[in-house]
There are 2 protein chains.
Amino acid sequence: MKNSLFIRACRNEATERTPVWVMRQAGRYLPEYRAVRDKYDFLTMCKTPELSAEVTVQPIDIIGFDAAIIFSDILVVPEAMGLKLHVVESEGPAFDNTVRSDSDIDKLDSAGMRDKLDYVYKAVKLSKILLKDRVPLIGFAGAPWTLASYMVEGKGSKNFERIKSLIYKNPVMAHRLLGKITESVTDYLSGKIEAGCDAVQIFDSWAGILPPHLYKEFSLRYINEIILKIKHYGIPIIVFPRGIRYFEIMKDTSCDVISVDWETDILAVKKIFAGTKVLQGNMDPVILLSNGEKIISEAQSILEKFKNDKGHIFNLGHGILPKTPVENIKLLVNFIKDNSHKYH
Amino acid sequence: MKNSLFIRACRNEATERTPVWVMRQAGRYLPEYRAVRDKYDFLTMCKTPELSAEVTVQPIDIIGFDAAIIFSDILVVPEAMGLKLHVVESEGPAFDNTVRSDSDIDKLDSAGMRDKLDYVYKAVKLSKILLKDRVPLIGFAGAPWTLASYMVEGKGSKNFERIKSLIYKNPVMAHRLLGKITESVTDYLSGKIEAGCDAVQIFDSWAGILPPHLYKEFSLRYINEIILKIKHYGIPIIVFPRGIRYFEIMKDTSCDVISVDWETDILAVKKIFAGTKVLQGNMDPVILLSNGEKIISEAQSILEKFKNDKGHIFNLGHGILPKTPVENIKLLVNFIKDNSHKYH
């Protein structure tokens, strides 16, 4: 898979056209996904390699993306560390227990990811068999900061009062928690790569809730620690710092690709990195709820920003919305496949 | 009030110390506010001039801020235009009816703000009497984009799929709605100023959900339209573009003050404007849940950024949290009052 379109684009090599995949492409907008989901709950799907692999491969068969991403959830890591997770898909995931004291941190088990998350590695291996080398498989994990936010808050939050109070009141404790999570994520991602993933993406979904100096201290340093420890595998590493406003601070990160959300002007980000990083994104997922004309004109406007340049992977700026009509995402993917060579 | 500390700071004049007030200062963190709120629901408080004025003045009496802000809600304008509003304080406000078609827009009444919102003007006049010229009174309104988002979605939203689908699918209809709201907001703010407000703040709470080119087209142009029409009153105009990432685009706005949220590096924003705009903010409200030492060190770090410079009004980057201990906000305000002269 080293010579696949997607991997070459990640490596900032010139490609014949722009590769395209979308976040949450194994998801509810697909009737074939919903058919599986009707029979099994979300976590059962994550934990049953056959089901996970089935829905991982669906968007490749049905839509024809240039990369697959393993169907899973970032919160399987905190669960493996000892928290009890439940997922109500309409409400988002939540933990029954939370991490709010030193003794809560003591109780977390940062080792043993390989055993406890063996179901993910099995799903990776099975997906690779089903994909038959058609496209590469992306593995992923949550960034330690994002996982810590969930573990301390117990679920998604509006003001993130608890995790932010922790870093303000007790930064030493916050760093101890983040250090432990970093160990687990590093081990988990290493296992995913060893099981066969061709690239990995680190999702920092709550990057945007920290001002830049705190983002550096409480998130980026841990992302960097993980990257340094998995870099030797030689596969592309993508970071998605959702919501950050100062992309300059990502210059110190040795990832290959930065995923850019839809609120950001990707042309401004391109100027900051001047070819030193590949960029991924950043179409607004809501565009896919509109009509063909609008979808094509937005796709053209993003492609135009990388005209005569390499270094772009087409993607949305956030996960594809469950309401997205399948014909609209098909239209987008076919448009990129058939037309992006004109911009290269 | 033209020579008050706060107004002089808004006008970018040199002041002996930094003025301080906080958003939602008339709010639930105050036991005296909760005592009123226990007896009346939120909207009754907004619509009863005596109650609104009472809670407007409370934080001046109890904490000693350098400006008062009239107790009200940005959604009284859409209500006056014809929507039915209900507010459950813990869940946020919501409308029983929404605006999703051309005929919904036809039905909106953009005139008649002066009659329908007379209760606000009465509250302003009463507050001015109770304030006895101790501090200036700030009036406010929602930006048309933020109000339109609420009117189309019906309430706060996660993905803002409906308002964004409207601008993508039917920009002409979106502009018609925004134009009508702009008329109402302009009339409403003019009435507030005529009733006695000494400054106004335009809250664009959902500024951050648009990328920069769409923010210009669907929000900033309407904010500018309002400013041009109220500028002749000669009072300071503050804009709070919550969540925007590209402050450069605010250079074209003739407001006096820009309020800066806590996710932003206010020093970077200061460099962009180089003294041409006064900045307000940007302490993280969660800091006020920590301890005295942390509160002081954060306050010092913000004051330090404006050392030997005028052009800063101390405030939080978002509304004060209901859980904030009263002694913590008192500590902050007293610290600013007693120490900010050292930075001037």
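Residues numbered from 1 in each chain as written. Chains lettered and ligands numbered in written order. Predicted model: local features only at pLDDT ≥ 70, side-chain atom pairs only at ≥ 80, totals over all residues. Heavy atoms only, no water.

Caption draft 1: Spotlight on the interface of chain A and chain B. Of the residues lining the interface, 30 residues belong to chain A; the matching set on chain B comes to 30 residues. Contact between chain A and chain B buries roughly 2,900 Å² in total, counting both sides, with carbon and sulfur atoms accounting for 54%. Put simply, chain A and chain B have eight salt bridges between them. Residues Lys164(B) and Asp284(A) are paired through a salt bridge, measuring 2.7 Å at the closest nitrogen-oxygen approach. (Contact = heavy atoms within 4.5 Å. Buried area = accessible area lost by both parts, 1.4 Å probe. Salt bridge = Lys/Arg side-chain N within 4 Å of Asp/Glu carboxyl O.)

Caption draft 2: Focus on the relation of the copies chain A and chain B. By a simple turn and slide, chain A fits onto chain B: the slide is 0.0 Å along the axis, the RMSD is 0.0 Å, and the turn is 180 degrees. Taken together, these values place the two copies in the relation of a two-fold axis. For chain A, the smallest separation between a C-alpha atom and the rotation axis is recorded for Arg245(A), amounting to 2.8 Å. An overlap of 100% is found between the interface residues of chain A and their copies at the interface of chain B, pointing to a shared contact surface. (Least-squares fit on C-alpha atoms with pLDDT ≥ 70 in both.)

Caption draft 3: The sheet that holds strand 5 (residues 199-204) of chain A, seen in detail. All names here are of chain A. If you trace the seven strands from one edge of the open sheet to the other, you get 1-4-5-6-7-8-9, paired in parallel fashion. Since the sheet does not close on itself, it has two edges, and those belong to strand 1 (68-69) and strand 9 (312-313), each with one partner. One ladder, built from two bridges, connects strand 8 (residues 278-281) with strand 9; its direction is parallel. The partner of Leu279 across the bridge, within strand 9, is His312. The strands that helix 13 (residues 266-273) touches are strand 7 (257-260), strand 8 and strand 9; relative to strand 8, the one it contacts most, it runs at about 165 degrees. (Pairing = 2+ DSSP bridges. Helix = DSSP H or I, 4+ residues; strand = E, 2+ residues; numbered from the N terminus. Axes fitted to C-alpha atoms, helices over the stretch in contact; angles between N-to-C directions.)

Caption draft 4: Main features of the nonpolar core. The biggest cluster of nonpolar side chains holds 268 residues, and the ones touching the most others in it are Phe6(A), Met151(A), Ile329(A), Phe6(B), Met151(B) and Ile329(B). Once residues within four sequence positions are removed from consideration, Ile329(B) is found in contact with Val22(B), Tyr29(B), Ile63(B), Phe65(B), Leu288(B) and Ile320(B). (Core = buried A, V, L, I, M, F, W, Y, C linked by side-chain atoms within 4.5 Å. Buried < 20%, exposed > 50% of the residue type's maximum accessible area, 1.4 Å probe, protein only.)

Caption draft 5: Summary view of the side chain of Lys192(B). Residue and element names in this part refer to chain B. You can see Lys192 is positioned in helix 11 (residues 171-195). Here Lys192 is buried and forms no salt bridge, its nearest opposite-charge partner Asp73 lying at an N-O distance of 9.9 Å. Among the polar contacts listed, one links the side chain of Lys192 to the side chain of Tyr188, at a separation of 2.8 Å. When near neighbours in sequence (up to four residues on either side) are disregarded, Lys192 contacts Ile70, Val120, Tyr121, Val124, Gly139, Phe140 and Cys197. (Lys, Arg positive; Asp, Glu negative; His and termini not counted. Polar contact = N/O pair within 3.5 Å; in protein donor to acceptor, adjacent residues only side chain to side chain.)

Caption draft 6: Spotlight on the sheet that holds strand 4 (residues 137-142) of chain B. Residue and element names in this part refer to chain B. With parallel pairing, the seven strands of this open sheet are ordered in space as 1-4-5-6-7-8-9. Two strands lie at the open edges of the sheet, namely strand 1 (68-69) and strand 9 (312-313), each paired on one side alone. In the sheet, strand 6 (residues 237-241) pairs with strand 7 (residues 257-260) via two bridges, with the strands oriented parallel. The residue of strand 7 that forms the bridge with Val239 is Ile258.

Caption draft 7: Main features of the environment of Ile226(B). Residue and element names in this part refer to chain B. Tracing the backbone shows Ile226 in helix 12 (residues 212-230). Using a relative accessible area of 0% as the deciding quantity, one classes Ile226 as buried. Separated by 29 residues in the primary sequence, Ile226 and Cys197 have C-alpha atoms spaced 16 Å apart. Other than its neighbours up to four places away in sequence, Ile226 contacts Pro144, Thr182, Val185, Thr186, Leu189 and Ile202.

Caption draft 8: Quick peek at the packing of helix 11 of chain B against helix 12 of chain B. Residues and elements named next belong to chain B. Running from N to C, helix 11 and helix 12 point in directions that differ by 30 degrees, and their axes come no closer than 9 Å. Our classification of the angle between helix 11 and helix 12 gives roughly parallel. The chirality of how helix 11 crosses helix 12 is right-handed. Packed against helix 11, whose contacting residues are Pro171, Ala174, His175, Leu178, Gly179, Thr182, Val185, Thr186, Leu189, Ser190 and Ile193, the element helix 12 presents Glu217, Phe218, Arg221, Tyr222, Glu225, Ile226, Lys229 and Ile230 at the interface. (Parallel < 35°, antiparallel > 145°, perpendicular 65-115°, else oblique. Left-handed = near helix turned anticlockwise from the far one by under 90°.)

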